[in-house]
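What follows is each chain in one-letter form.
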Amino acid sequence: MAIELKKMLAEINKALRPELFSDYCPNGLQVEGKAVVKHLVSGVTASQRLLDAAIEQGADVIIVHHGYFWRGEDAAITGLKRRRLKTLLDADVSLLAYHLPLDAHSELGNNIQLAQLLGLTPTGELMRQNNQVMGLVCDLSEQISAQTLKQRIALALNRQPLHIEGGESLVSRVALCTGAAQQYIEQAAAAGADVYISGEISEQTVHSALEHGLHYFAAGHHATERYGVKALGDWAAQRFNIQHTFIDIDNPA
Ligand SMILES: [Zn+2]
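Below or above, wherever it landed, is the structure these notes cover. (Residues numbered from 1 in each chain as written. Predicted model: local features only at pLDDT ≥ 70, side-chain atom pairs only at ≥ 80, totals over all residues. Heavy atoms only, no water.)

What to know about the pairing of strand S5 (residues 61-66)
Move 1: Burial of S5 is extensive: 6 of the 6 residues sit out of reach of the surface.
Move 2: The pairing of strand S4 (residues 39-45) with S5 spans 5 bridges and is classified as parallel. Note on S5: the bridge partner recorded for Thr-45 is His-66.
Move 3: Tracing the backbone out of S4, into helix H2 (residues 48-56) and back to the parallel element S5 gives a crossover that is right-handed.
Move 4: In the sheet, S5 pairs with strand S6 (residues 94-97) via 4 bridges, with the strands oriented parallel. Counted as the bridge partner of Val-64 is Ala-97 from S6. (Buried < 20%, exposed > 50% of the residue type's maximum accessible area, 1.4 Å probe, protein only. Helix = DSSP H or I, 4+ residues; strand = E, 2+ residues; numbered from the N terminus. Pairing = 2+ DSSP bridges. Right-handed = clockwise from strand over helix to strand, strands pointing away.)

Rendered as structure tokens:
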């Protein structure tokens, strides 16, 4: 089956509501390709490797969490940016990108998808930015050890998290925010979390974890953000009756 690109875009925008967000990049259609879509490929980042793999598999549209045209970057179309855009335009393939709207969405978002993958049920919000939810707080029904949670993360993401052991061995309140959200460890501490899970780590994150007395898990920027775009791709495939392939281009960061 097939759907018009314009119709698909309108439906996805209706679901993710990008107009509600003040973001660092344009959300929605970033590069326009052919008018009709039969095969949607999803991936975390619109890198050259993802573009090449998607086009090889016959993608009409590529949908990602990390697209192009970030605020503050050089606007000139040169070097790797030229190669990526030329790849898309030559193949007549569209690029759709959803950044913050895809972190925050209550069903398809990276945060809720990660929580579900880890068997956690959200009981609150970590914080709000421009009135949009950023991160989740999950109260466990019974205490578990931080080591058990660490094993759960490693198993779910197929990757060992970096663990800063700043808290007690038993934990019951877990806060999480995917990607490069390590600075929100302050909000996690303020929310009374025993654990904060994000993607990346900075030098000062270690001190914050130790001094606030909580566990920090840097579980990978890429690894924590695989699941939103995959869920969005599955949702679109079902809704529009088109083919969907998620391509994981592994990234240790
Ligand atoms: Zn990200």
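Back to the text.
Focus: the environment of Asn-111
Move 1: Mapping Asn-111 onto the fold places it in helix H5 (residues 110-117).
Move 2: Residue Asn-111 is classed as buried on the basis of its relative accessible area, which comes to 3%.
Move 3: As for Asn-111 and Trp-70, which are separated by 41 residues in sequence, their C-alpha atoms are 22 Å apart.
Move 4: In this structure, Asn-111 is in contact with Asp-103, Gly-135, Leu-136, Leu-176, Cys-177 and Thr-178, ignoring residues within four places of it in sequence. (Contact = heavy atoms within 4.5 Å.)

Topic: the sheet that holds S4
Move 1: Spatially, the 5 strands line up as an open sheet ordered S2-S6-S5-S4-S13, and their pairing is mixed. Of all the strands in the sheet, the pair left with one neighbour each is strand S2 (28-31) and strand S13 (243-246). Across this sheet, the average inter-strand angle for adjacent strands is 30°, counted without regard to direction. (Axes fitted to C-alpha atoms, helices over the stretch in contact; angles between N-to-C directions.)

A few points about the environment of Leu-89
Move 1: When you line up the elements, Leu-89 lands in helix H3 (residues 79-91).
Move 2: Residue class for Leu-89 comes out exposed when judged on its relative accessible area of 53%.
Move 3: Sequence separation between Leu-89 and Lys-34 is 55 residues; the distance between their C-alpha atoms is 9.5 Å.
Move 4: In this view, Leu-89 contacts Val-31 and Glu-32; residues no more than four positions away in its chain are not counted.

Focus on H2
In an α-helix, one full turn covers 3.6 residues, which means residues spaced three or four apart are oriented alike.
Move 1: Regarding H2, the residues found buried are Leu-50, Leu-51 and Ala-54. In a view along the axis of H2, the buried residues occupy a sector of 100°, so they form one face of it. In H2, those exposed residues whose orientation departs by more than 90 degrees from the buried face are Arg-49 and Glu-56.
Move 2: Its buried side turned inward, H2 meets S4, S5 and H3.
Move 3: Downstream of H2 by one or two residues, Gly-58 has phi in the positive range, about 85°. (Arc of directions from axis to C-beta.)

A few points about the coordination of the zinc ion
Move 1: Coordination of the zinc ion by the protein comes from His-66 (NE2), His-221 (NE2) and Glu-225 (OE), over a distance range of 2.0 to 2.2 Å.
Move 2: Counting the intervening residues between successive donors of the zinc ion yields the motif H-x154-H-x3-E. One end of the pair, His-66, is in strand S5; the other, His-221, is in helix H9 (residues 221-224), with 155 residues separating them in the sequence. This pair shows no difference in class: His-66 is buried, exactly as His-221 is. (Donors = N, O, S within 2.8 Å, 3.2 Å for Na, K, Ca; no water.)

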